[in-house]
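Summary of structural features
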Amino acid sequence: MNIRRDRALVLLGQCRGDEIWSVQHCIDQGVPSMLIDKLSDAFESGYRSDTQTIYENGEMTNQYHGVRDLDLAIELAKSLGIDTESLGLEFKGKCSAVQVIKEAVMDQ
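Residues numbered from 1 in each chain as written. Predicted model: local features only at pLDDT ≥ 70, side-chain atom pairs only at ≥ 80, totals over all residues. Heavy atoms only, no water.

**A look at the sheet that holds strand β5 (residues 63-68)**
One open sheet holds the 3 strands; their spatial order is β1-β5-β2, and the pairing between them is antiparallel. Edge strands, defined here as strands with exactly one partner in the open sheet, are β1 (20-22) and β2 (41-44). If you compare each strand with its neighbour and ignore which way they point, the axes differ by 70 degrees on average. Sheet topology note: the β2/β5 ladder contains 4 bridges and is antiparallel. By the bridge assignment, phenylalanine 43 is partnered in β5 with tyrosine 64. (Pairing = 2+ DSSP bridges. Helix = DSSP H or I, 4+ residues; strand = E, 2+ residues; numbered from the N terminus. Axes fitted to C-alpha atoms, helices over the stretch in contact; angles between N-to-C directions.)

Laid out in C-alpha cells, this is it:
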C-alpha cells in the first residue's frame, strides 16, 4: 500500500483503538480506498459489558459497518515500516496496542 508518510502519521494520530470509523469518515480523512476495502466489515455489538457495545450518535446499535481504528493503525504502522508482529499487540488491550504502535513509529 502506498500512502505518504505525513498522511499516515496524521491518520495514526487520530486512532484511539476503541473506535469504528464509518466508511464515509475514512473517505473524508483520506484513508486509501484499497485500505478501506481491505478493513471494512460489519461489526456486531455485544451486550455483556459496555466495552462490547457499539454506539452511534450516543445510541446503542446492533450492527455497524466500518473500519476498526485498531486495524487501521496496524496497517498504517506496516506501511511506515514497523514490524507489528514483534510488538506483542495480541497481549494488549485495544487502546494500549494503538499506543504501542504510535510509540514504535515515533522511535523509528
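There is more to say, and it comes next.
**A few points about unusual backbone geometry**
Backbone geometry at asparagine 57 places phi at a positive 55 degrees, although glycine is not the residue there. Among the secondary structure elements, asparagine 57 is positioned in the loop between β3 (54-56) and β4 (59-61). Here asparagine 57 falls in the exposed class, since its relative accessible area comes to 75%. (Buried < 20%, exposed > 50% of the residue type's maximum accessible area, 1.4 Å probe, protein only.)

**Quick look at helix α4 (residues 69-79)**
Where burial is concerned, most of α4 is hidden: 9 out of the 11 residues are buried. Where α4 is concerned, the buried positions are Asp69, Leu70, Asp71, Leu72, Ala73, Ile74, Glu75, Leu76 and Ala77. Buried residues belonging to α4 abut α1 (5-14), β1, α3 (33-39), β5 and α5 (94-107). The positive-phi residue at the C-terminal boundary of α4 is glycine 81, with phi of around 90 degrees. (Contact = heavy atoms within 4.5 Å.)

**Remarks on the layout of surface pockets**
If you add up the space inside the largest pocket, you get close to 490 Å³. Contributing to the lining of the largest pocket are 17 residues, with Asp18, Ile20, Thr51, Thr53 and Ile54 lying nearest its centre. Listing elements by their share of the lining of the largest pocket, those giving two or more residues are β2, β3, β5 and α4. Partitioned by chemical class, the residues of the lining of the largest pocket number 6 nonpolar, 4 polar and 7 charged. (1 Å grid on protein atoms, 1.4 Å probe; cavity = no way out; pocket = protein on both sides within 12 Å on 5 of 7 lines; lining within 4 Å. Points joined across faces, edges and corners; volume = space filled by probe spheres on them. Nonpolar A, V, L, I, M, F, W, Y, C, P; charged D, E, K, R; others polar.)

**Examining α1**
Every buried residue of α1 is listed here: Ala8, Leu11 and Leu12. Angular distribution of buried residues about the axis of α1 spans 100 degrees; they occupy a single face of the element. (Arc of directions from axis to C-beta.)

**As for the environment of glutamine 99**
Mapped onto the elements of the fold, glutamine 99 is located in helix α5. On the accessibility criterion, glutamine 99 (41% relative accessible area) is partly exposed. Glutamine 99 sits 66 residues away from serine 33 along the chain, and the two C-alpha atoms are 25 Å apart.

**Observations concerning the environment of glutamate 56**
Within the secondary structure, glutamate 56 is located in strand β3. Of the residues examined, glutamate 56 reaches a relative accessible area of 37% and is grouped as partly exposed. When the C-alpha atoms of glutamate 56 and serine 22 are compared, they prove to be 10.0 Å apart, with 34 residues separating the residues in sequence. In this structure, glutamate 56 is in contact with Thr61 and Tyr64, ignoring residues within four places of it in sequence.

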